Every structure is written in structure tokens, then in C-alpha cells.
Amino acid sequence: MATSHPLGRKALVIYLMAGRETPELAEAAVEGGADLVELGFPFSDPLADGPVIRRAAERALAEGMRTQACLDCLAAVRGRVDVPLVPMTYSSLLEAYGWERFAVDVRAAGATSLIVADLPADERAGLRRVQLVAPTSTDERIRAAAAVTEGWLYLVTVTGTTGARSEASGALAGLAARARSLGDGVPLYAGFGISTPEQARAAAELTDGVVVGSRAVELAERGSGPLRDYVRSLRTALD
Amino acid sequence: MASTYGTYGGRYVPETLIPALDELGAAWQAALADGGFREELDHLARSYAGRPTPLTLAERFSPAKRLYLKREDLLHTGAHKLNNALGQAVLARRLGKKRIVAETGAGQHGVATATVCARFGLECVVYMGSEDMRRQKPNVERMGLLGAEVRPVEFGTRTLKEATSEAIRDWITNVESTHYLIGSCVGPAPYPEIVRELQAVIGREARAQVLEAEGRLPDAVVACVGGGSNAIGMFAGFLDDTDVELVGVEAAGAASLGTGRTGVLHGSRSSVLADEDGQIADAHSISAGLDYPGVGPEHAFLRDSGRARYVGTTDDEALDAFRRLTRTEGIIPALEPAHALARVDDLDAELVVVCLSGRGDKDLAEVLGRADGD
């Protein structure tokens, strides 16, 4: 399945935590205009995540969303939407499940690729995945990550964890410019700290798409309707 | 620099931190190659920290053996943690970092970090689980007096695991101004190696002291293992002496090496308490310093290679050893090394050195509370 940015428009990626209601929520997100859905496989100690996603992970684990349940959830989402699906998780789950087996089984369940938040490009280099780069990354590391990333390169807009910020990141412009010149044409999607339509539009002016996580997770807690409306507001801002 | 110990170790952290780890590794190598760094550390160790610490024969605690205690409890601030905190503070100054973050469990690493930050005029933020703040109140107060800000961690287990995660999140957010002064031989490379080298002074001194006292090497060297920094420092002095048995003692309810599985926690691949899906399990120990579901990657490597072996001690056994050392030797140990003391009588060894990694003042409320309940 194609993972380059679709339809000539800015890509909108929505993150949802795996859970019982996720297939329905993913459908609402796609109806609202999401081009890709990231599906969080919860981990007990998520170092890259701020409080919203950490708490969502705690709740998901308390509901029994272990690896097999997450794979089932992924397959159920696949049955409801036709956009690319990308699980996002942490190394400990892959270590326990088997690194290769995990990569094979998420694809068998309908994933296009995967993201491992605590796995920089030079660890487990053989594992195909969406790579992340950060404002602190050197040019050499950006070039290396762009060369091996699968589909698109995830630009972490802030030095920090996931979660809404009131201010747009001043670091993104420099990172996007470096990634553009070093990335050999790979699509660039910006994430971490993007929550409002204005922030999404500003970030998308510098990149090929945006990822919205924590705020989407908060809206998803209120149900499909509020999530759909929120995603639509982001979509409108991007188009 | 080796970033792995066999298949253990590595740098399983968000990309944001990798350049800082590269910078730290380069500064560490430069410091090792610079005689001035070693001289500065040696001077601080002697004139500020109180090194070398004595080796004490404990004849009444273990009359059937020749038991020596390596007295890290007599180090300034009352535990071996200062060896590491001093070294990393000197390293942070070489890196030009003015702000330090740390995690603490029992509070000994937090106190050591707050101490060196006061000594060098660095801003200090210490993350501590709220459950540990309750258990280790005197150390919370000491950190405050020393000028550190103690930030309670109110979620999850409210102990060292969550405090470590929060300290790493702070570091991710403030990485350009901040050095993360990790307290044990855990975390992403190069931390396990740095902490081990800074703690290796324990083993080097103990080896020379026991040779001087007894004219021979010990049959066994014993140390408690939470994250494992006092043990790795002690073992480092004897690794090449293959006739010396190396014994690590874990809390039975937090036996990352004894009952754990291979997993990834706080930046490195090691033996961790986790379920079959890789979700980290809660550890349980009376000792806040051992109440951690992970362990340094080099310990996992030493376990697999057979060079060291790891055994467990229950809360009650540790309390017995705590009371017995207090009454027989006039030394109040921390609950952490009391776990190591509890295993001495089991050893098929005559000449034994135990790392007495800290003093027990911080544990009085916990121990006396238990005694009331008996």
C-alpha cells in the first residue's frame, strides 16, 4: 500500500491508543479526514510520552490490551478503514514477542509499517520501520534515518515528550529544512506538541504532513463524534 | 567504547537523546585519557568524600568465618553513591552543563547528587516516587536542605521505576542544558560503563586492603544488587581473580536476575521483571534501594557467563541481618547491604568481603515500625 503522502494534500496522521472502541474511533477519524492512523500498543513505561498518552496506556493495559489484543484490534481497524495503519510502541514489547515475528505479525494484521519510540536508527538496523529524527539530531543521523525509513520520516518537533504545547515549536523550521535537504525526497511528517488547527497548519507549511497524538487521544475519550469534528477541524486547516 | 555486554546493553532511548549520549561518551573518553580528570577525582575522593574507606573485620557477626566489611557506609553522605555522583558532576562540568537531574529510590543517590550540586553550584532536580518519599523521609529533608528540588512522582508504583522514567523525560525535554546523573549501572550506553568505572574504586581498594590484612585474596565477595552499582564496583576489583567467587544478592521480591527475563527498560536491554508481553512488573522490597525491576546489563552478562552468581534475600532475613550487625558489631547498616549480610553464613567460603554499601539511619523508621508490628 502506498505510504507516500496521498492525494497531493498535506497528510494528517491521527494517533489512537489501542482499545475496545478503537475500530469505531478510527473510522470516525478517517471520516474526519485522517490519511493515516497510528495505533498505540501500550507499554507500562513509555519514556517518549507525556501524561496524556501515558495515562491512556495505563488505562489500556488495565483493560487487558496486551500484544495479542492489540494485534486483534489492529486487524479490526483494518476491517473498518482503508488508510495506512502504523502501530507505535516500545522496544520491550518487540523484545518479548520476538523482533522479527512482531514485524511480520503487525503487517499480517494490516499494518503498513511500525514505529518504535525508543529505538533510534542505529539500534536493530535490520528492522524496517518509520524512523524518527529530532531537533537535536545531527545531519549525519538525519541522513542515515531518512535513507532507511519506511514511507516517511517522523520529525519530532520539540525536544520533549508527546503532548500539547501552547506555543508552536520554533525548532521545527530548522529541522524541516535540514531533513528536506538531507532526506532525498522522503516525505516529512511533523509530530509531538501539535494540537490546534493553527499549529497543524503552521507545521504543515514546513512539511508534508502532521501527526496529532495527545489531543486526539483526549477527544477520542469523549467519543466518535467529538473526535470526528476535531479531526475535521484539523483537515480544514490543512487544506 | 563497548555499548553492549554480550547481547545486553545498547541505547534504547528516543532519538532526541542520542546526540547527548554521543557527547557524553566522547567527554568520558576524553576524561579517561586526561590525567587531570583522574587527579581531580582522586583529590575529591580523599579530601571531600573520605576515601579510602576502611575494611573492618566483623568477628562477632560471623564467628565461623573471616568476614570483612568494605565500609562505604563511612563515605561522606553515608553510601557508595557519592563515588558516582562526584565523578559525574566533574564530567557534567566538563560538558558545560549547569543543571542536573537525577532519580532516587532510597534517597541515597538523591542526597549524593544534591551534595555534589551544592559543592559545585549546580541546579539540582531529583525525581522520587511518593511512596519512597514516605519511606525515606530523612533523605527527602536532607535533599531540601542541600538546595535540591525534590519532585514527587505520583503515578504507577510511586517508586524508583517511575522516578527514573520521569527523570529521563525531564532530560529529553531539557537535554541541551541538563546532565542526567543516573544513579546506578543501568540506562543507555555509556552510563553503565561510566557508573561501573566510578564505583570500581570500591573493589580496587578492597582488594588491596584484604591482601594487606590477610595476605591472600578472599574466597568470596558479596554485594547487594538493585540496579547493581555497588556490586559492579566491588566485582570490578576481582573480576580477573577467577578463584574469587562473586555473589550478588537481590531482594527476593525484586529479583531481576533471579526471576526476570530479557527485556528493555530505561534505555538498555537486560534482565528485567516483566510479564510475557514485555510489560514491566512491579518489584516489592522493604528496601527502597532494591525496589527496582531492572538491573545493570553487565550483571545480566556476568550471570549468563557464570562469572557471578545471584541469590535472593527476603525482607525478614534482611531485617534479621540488620539487627544482628547492629548488635554484634555496633554498625547500623542500610537495609540494602543487610540483604548481602544475610547470605554470608550460607557461603561455602572462609574469607569473605561484603560491601557495606550504606548506613542505616535512613531506615530506622521503617525498621522500628516493623518491630512495633511484630
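The rules behind these values
- Residues numbered from 1 in each chain as written.
- Chains lettered and ligands numbered in written order.
- Predicted model: local features only at pLDDT ≥ 70, side-chain atom pairs only at ≥ 80, totals over all residues.
- Helix = DSSP H or I, 4+ residues; strand = E, 2+ residues; numbered from the N terminus.
- Rg over C-alpha atoms; globule rule 2.2 N^0.38 Å.
- Buried ≥ 20, exposed ≤ 12 C-beta atoms within 10 Å, placed from the backbone.
- Contact = placed C-beta atoms within 7 Å.
- Pairing = 2+ DSSP bridges.
- Nonpolar A, V, L, I, M, F, W, Y, C, P; charged D, E, K, R; others polar.

Trainee: Would you mind showing me how to read the overall build of chain A here?
Mentor: Scanning chain A for helices and strands turns up ten helices and eight strands. Taken over the C-alpha trace, chain A has a radius of gyration of 16 Å; the compact-globule value for 239 residues is 18 Å, and the two agree within 12%. Considering only C-alpha atoms, chain A reaches an extent of 40 × 40 × 30 Å along its principal axes. A burial count over chain A gives 60% of its 239 residues as buried. For chain A, restricting intrachain contacts to residue pairs at least 6 apart in sequence, the fraction spanning at least 24 positions comes to 68%.

Trainee: Help me out: how do you make sense of the pairing of strand S1 (residues 11-17) of chain A in this one?
Mentor: Residue and element names in this part refer to chain A. Burial analysis of S1 places seven of its seven residues in the buried class, which makes it a mostly covered element. The alternating pattern of S1 places Ala 11, Val 13, Tyr 15 and Met 17 on one face and Leu 12, Ile 14 and Leu 16 on the opposite face, and all of these are buried. As defined by bridge partners, S1 adjoins strand S8 (residues 209-212) across four bridges and the pair is classed as parallel. From the neighbouring strand, Ile 14 faces S8, where its bridge partner is Val 212. For S1 and strand S2 (residues 36-40), the ladder comprises five bridges, and the chain directions are parallel. Bridge pairing in S2 places Leu 16 opposite Leu 39.

Trainee: Sorry if this is basic, but what is going on with the interface of chain B and chain A here?
Mentor: Interfaces are often described in size by the accessible area the parts lose on coming together. Residue-level contacts link 29 residues of chain B with 29 residues of chain A. Sorting the residues of the side of chain B that touches chain A by element identifies helix H1 (18-33), helix H7 (160-173) and strand S11 (261-265) of chain B as the ones contributing at least two each. The element that contributes the greatest number of residues to the side of chain B that touches chain A is H7(B), accounting for six residues. The class makeup of the residues in the side of chain B that touches chain A is 13 nonpolar, eight polar and eight charged.

Trainee: When you look at the environment of A:Ile142 in this model, what are you seeing that I'm missing?
Mentor: Residue and element names in this part refer to chain A. Among the structural elements, Ile 142 can be located in helix H6 (residues 139-148). Sequence spacing of Ile 142 and Leu 182 is 40 residues, and the spatial spacing of their C-alpha atoms is 6.9 Å. Setting aside residues up to four positions removed in sequence, Ile 142 forms contacts with Val 133, Ser 137, Arg 178, Ala 179 and Leu 182.

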